[in-house]
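Chain by chain, the residues run as shown.
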Amino acid sequence: MRPQVQWKLCWENELQLSDHVELAEFFRNTYGPTGASNAEPFEGSRSWAGARPELRVIAYDSSGVAAHMGVLRRFIRVDAVDLLVAELGLYGVRPDLEGLGIAHSIHVMLPILQELGVPFAFGTVRDALRNHVERFGRRYSPLAVLSGIRVRSTRPEARLDLPPTRIDDALTIVLPVGRPISEWPTGTMIDRNGPEL
């Protein structure tokens, strides 16, 4: 049986302190089991890890936040091609709801992306989520899961003990929104030109 959830679309400046506190706890509980360091960015009332989203889609049920996805419009560079995208990130489903189909309800984001007028949505996920993302793509959209692409991002904070950028070999997710997937530039390096969402 699929749980009943209510979806709420929020621009970042509409969130109250209580929303950030609730979301921070949600992320600590959701990301913490994947590794203690994954929960660290969400200490206190911080409800973002790297770049701050401009728009969030949040699902609530009787227990509070059930799922979340953030969006940030930005220009990325695929090899030498500059490209406007809506970066998708800060995705999570409360651990007690995983496997119940709620993740597929994230398709509520698709009409919002169309309203934003971006040609593509883009994001990265760890390889462990490949099957989950590919199932979502088959069910709701012509989502492409690309491997073998390196993604360079700036660190959220400048630190003296680390280089200012990092390179990840995560899976790249591309969702055509305003243009067909055939128009996504080919390349083996994506420059995010900012921190990961």
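Right above here is the structure, for reference.
Please read these numbers as outputs of a predicted model, since none were measured by experiment.

S.K.: Hey, could you go over the overall build of the chain for me, with residue numbers and the actual values?
M.R.: The helix and strand tally for the chain stands at 4 helices and 10 strands. For the chain, the C-alpha radius of gyration of 16 Å lies close to 16 Å, the compact-globule estimate for 197 residues. When each of the 197 residues of the chain is scored for burial, the buried share is 47%. Summed over its atoms, the accessible surface of the chain is roughly 10200 Å², and 52% of this surface lies on carbon and sulfur atoms.

S.K.: Describe unusual backbone geometry, listing the residues and the values that go with them.
M.R.: A positive phi is found at Asp79, a non-glycine position, where the angle reads about 50°. Residue position: Asp79 is located in the loop between β3 (64–78) and β4 (81–93). In this structure, Leu90 is a non-glycine residue whose phi angle is positive, near 50°. Counting through the fold element by element, Leu90 comes out in strand β4.

S.K.: Describe in detail helix α1 (residues 17–31), supporting the description with residues and values.
M.R.: With 15 residues, α1 should cover 21 Å at 1.5 Å per step; its first-to-last C-alpha distance of 21 Å lies within 8% of that length. Those residues of α1 not exposed but buried are Asp19, His20, Leu23, Ala24, Phe26, Phe27, Thr30 and Tyr31. Taken around the axis of α1, the buried residues stretch over an arc of 165°, which confines them to a single face. Turned more than 90 degrees off the buried face of α1, the exposed positions are Leu17 and Ser18. In the core, the buried residues of α1 are packed alongside α2 (36–39), β2 (55–61), β3 and β4.

S.K.: Break down the pairing of β2 for me, with residues and values.
M.R.: With 7 of 7 residues buried, β2 lies mostly within the body of the structure. Alternating positions in β2 separate into two faces, Leu55, Val57, Ala59 and Asp61 on one and Arg56, Ile58 and Tyr60 on the other, with burial throughout. By the bridge criterion, 6 bridges tie strand β1 (residues 6–11) to β2 in an arrangement that is antiparallel. Residue pairing across strands places Gln6 opposite Tyr60, the latter belonging to β2. In this antiparallel pair of consecutive strands, β2 and β3, the connection spans 2 residues.

S.K.: Now, about the packing of aromatic side chains: what can you tell me, with residues and values included?
M.R.: Taken as a whole and assessed by the stated rule, the structure comprises 6 aromatic pairs. The interplanar angle of 65° and the centroid separation of 5.2 Å between the aromatic rings of Phe26 and Phe27 together place this pair among those described as edge-to-face. A single burial state applies to Phe26 and to Phe27, both of which are buried. Consider the rings of Phe27 and Tyr31, whose centres lie 5.4 Å apart with planes at 50°: the pair is tilted. Placement of the pair is Phe27 and Tyr31 together in helix α1, with a separation of 4 residues, close to one helical turn. Across the pair, exposure class does not vary: Phe27 and Tyr31 are buried alike. Aromatic rings pair up to connect Phe26, Phe27, Tyr31 and Phe42 into one cluster.

S.K.: Provide a residue-level description of the pattern of salt bridges, including the pertinent values.
M.R.: Pairing between side chains becomes possible if they bear opposite charge and their charged atoms approach one another. What the rule picks out here adds up to 15 salt bridges. Between Asp161 and Arg159 there is a salt bridge; the shortest N-O distance is 2.7 Å. Owing to a relative accessible area of 53%, Asp161 belongs among the exposed residues under this scheme. Classification of Arg159 by relative accessible area gives partly exposed; the value is 44%.

Reading guide: rules and limits
- Residues numbered from 1 in each chain as written.
- Predicted model: local features only at pLDDT ≥ 70, side-chain atom pairs only at ≥ 80, totals over all residues.
- Heavy atoms only, no water.
- Helix = DSSP H or I, 4+ residues; strand = E, 2+ residues; numbered from the N terminus.
- Rg over C-alpha atoms; globule rule 2.2 N^0.38 Å.
- Buried < 20%, exposed > 50% of the residue type's maximum accessible area, 1.4 Å probe, protein only.
- Areas by Shrake-Rupley, 256 points an atom, 1.4 Å probe, with all protein chains shown as cover.
- Expected span 1.5 Å × (residues − 1).
- Arc of directions from axis to C-beta.
- Contact = heavy atoms within 4.5 Å.
- Pairing = 2+ DSSP bridges.
- Phe/Tyr/Trp six-rings, centres within 6.5 Å; stacked < 30°, edge-to-face > 60°.
- Salt bridge = Lys/Arg side-chain N within 4 Å of Asp/Glu carboxyl O.

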